[in-house]
Amino acid sequence: MQIYLVGGAVRDELLGLKVKDRDHLVVGASAEQMSALGYRQVGKSFPVFLHPKSGEEYALARTEKKVGHGYGGFDFDAAPTVTLEEDLVRRDLTINAMARDEQGVIHDPYNGRADLDARLLRHVSDAFVEDPLRVLRVARFAARFHGLGFTVADETLALMQQLSDSGELDYLSAERVWQETERALGEPHPEVYFEVLERCHALPRLFPELAALSGVPQPPQWHGGLDAWQHTLMALQQAVALGASGAERFAVLVHDLGKGLTPAEQWPRHIGHEHAGIKPVQALCQRLRVPNEWRELALLVAELHLKVHRAEELKPATLVRLFDQLDGWRKPERFAQVLRCCQCDAQGRPGQTEAPYPAADYLQAALAEANQVAVKAVVADGFTGAAIRDELGRRRTDALARWKAAR
């Protein structure tokens, strides 16, 4: 029985990165032996065990045989006779197919270390095409390691295109697509995830609403010659620069989906795209089962981003309606999220990444002023029922009119 540290832990150690998860591989042992040593089995489709003290995962070496569609269509053999090389060859990328034994020796049968040095994401074997989830995983690794200079090897991109064109991606569950996408949105370069998916033909199959933005022109005076897709990716880059949360990054990603529905004869203008974008955002969120909190934020940003940009032009009554729509009265944190997403949109253009975004400060100040109007005072003046809301809105409007006049 030999135990190896495998996968991402070895890769990240060699890259000088902090190791987050430590996975172990056990060669030459049976499930019965592991249980007898106190390991607790947690995997049913193939034997994975938790160490009795550390709680770290230990998996028996295994081989795989493709028997059906999708990432789950495999039979496994985890016999004690399976070798280290046989286990590692089934992995996705060479940089994830290295192992370190208990003496500290690195076992690298598929030249992962050379690809680390060359900054290449390369598949281990042609069995790569048997698992469609690997298309998303490679795109996510590209998003994670882009800042270190990593790119997808041409031959691996060709296999990813083959997988996309074969229809295998259609067998991925919504949960797995969203799981990989949510993780990718949290990477240092989430825009690279979607760029790679576009290059390997996966974007139209998995995210047709996003793919519809590619090649769609925008008014050059506002977007510096970027099409709607290029602008979306640049805005997503800006979201990372501003420290946006995952939910905010997603909202930025889908804020302009309405532009994909603009008739070509109306290009490069996109009148009403913010309202047109509501349905495709809803469709994407429903299909991928996006969390409700993320969906609600995305819908608000899609519908209201132009109004936020024009904040200083809005009349007092319109400001109050905007605060009602955003529920800024009760949800100030989400209100701030919407403003940050709109800032990403405004700054996600050539030459604008460092430009000021006065709309955010203006709206925060306006909300603070309107919040000075106390509900208790309205009730104390004898208003009841629905009349309270109407009078509160009127007083807030008057307060904002005085505030704007004094600025």
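Given the structure is predicted, the values throughout are model-derived calculations rather than measurements.

Undergrad: Any chance you could explain the packing of aromatic side chains here in plain terms?
TA: Centre-to-centre distance and the angle between the planes together describe a pair of aromatic rings. In the structure shown here, the tally under the stated rule is eleven aromatic pairs. Note on Phe250 and Trp294: the rings are 6.2 Å apart at their centroids and 45° apart in plane angle, and the pair reads as tilted. In this pair, Phe250 is assigned in helix H13 (residues 246-254) and Trp294 in helix H16 (residues 292-309), connecting sequence segments 44 residues apart. Of the residues examined, Phe250 reaches a relative accessible area of 2% and is grouped as buried. You can call Trp294 buried: its relative accessible area is 13%. With centroids separated by 5.7 Å and ring planes inclined at 90°, the aromatic side chains of Phe323 and Trp329 adopt a geometry described as edge-to-face. Lying across the ring of Phe141, Arg140 places its NZ or CZ 5.3 Å from the centre.

Undergrad: Looking at this structure, I do not really get the sheet that holds strand E8 (residues 99-100). What am I missing?
TA: Paired through backbone hydrogen bonds, the strands of a sheet run either parallel or antiparallel to each other. With mixed pairing, seven strands are arranged side by side in an open sheet as E3-E4-E5-E2-E1-E8-E9. Two strands close off the open sheet at either side, each with one partner strand: strand E3 (40-41) and strand E9 (106-107). Note: strand E4 (residues 48-50) against strand E5 (residues 57-60), three bridges, orientation antiparallel. Bridging across to E5, Val48 finds its partner in Ala59. Across the sheet, helix H1 (residues 8-15) lies against strand E1 (2-6), E8 and E9, angled at about 55° from E1, the strand it touches most.

Undergrad: Whenever I open this one, the nonpolar core confuses me. Can you help?
TA: Across soluble globular proteins, you tend to see nonpolar side chains buried next to one another. Among the nonpolar cores identified, the biggest contains 98 residues, and Met160, Phe194, Leu197, Phe207, Phe250, Phe323 and Leu363 are the most heavily contacted of them. Look past the residues within four positions of Leu363 in its chain and what remains in contact with it is Val308, Ala311, Leu319, Leu322, Phe323, Phe335 and Leu339. Residues Val82, Leu84, Leu88 and Val124 belong to the second largest nonpolar core, which totals eleven residues.

Undergrad: Would you explain unusual backbone geometry in this entry?
TA: Negative phi is the rule for most residues except glycine; trans is the rule for most peptide bonds. Pro268 follows Trp267 through a cis peptide bond whose omega is 5°. Relative to the elements of secondary structure, Pro268 occurs in the loop between H13 and helix H14 (273-276). Positive phi, close to 70°, is recorded for His201, a residue that is not glycine. Here His201 shows up in the loop between helix H8 (190-199) and helix H9 (203-206). Phi angles above zero are rare outside glycine, and Asp327 is one such case at about 50°. By secondary structure assignment, the location of Asp327 is in the loop between helix H17 (316-326) and helix H18 (332-347).

The rules behind each value
- Residues numbered from 1 in each chain as written.
- Predicted model: local features only at pLDDT ≥ 70, side-chain atom pairs only at ≥ 80, totals over all residues.
- Heavy atoms only, no water.
- Phe/Tyr/Trp six-rings, centres within 6.5 Å; stacked < 30°, edge-to-face > 60°.
- Helix = DSSP H or I, 4+ residues; strand = E, 2+ residues; numbered from the N terminus.
- Buried < 20%, exposed > 50% of the residue type's maximum accessible area, 1.4 Å probe, protein only.
- Lys NZ or Arg CZ within 6 Å of the ring centre and 35° of its normal.
- Pairing = 2+ DSSP bridges.
- Contact = heavy atoms within 4.5 Å.
- Axes fitted to C-alpha atoms, helices over the stretch in contact; angles between N-to-C directions.
- Core = buried A, V, L, I, M, F, W, Y, C linked by side-chain atoms within 4.5 Å.

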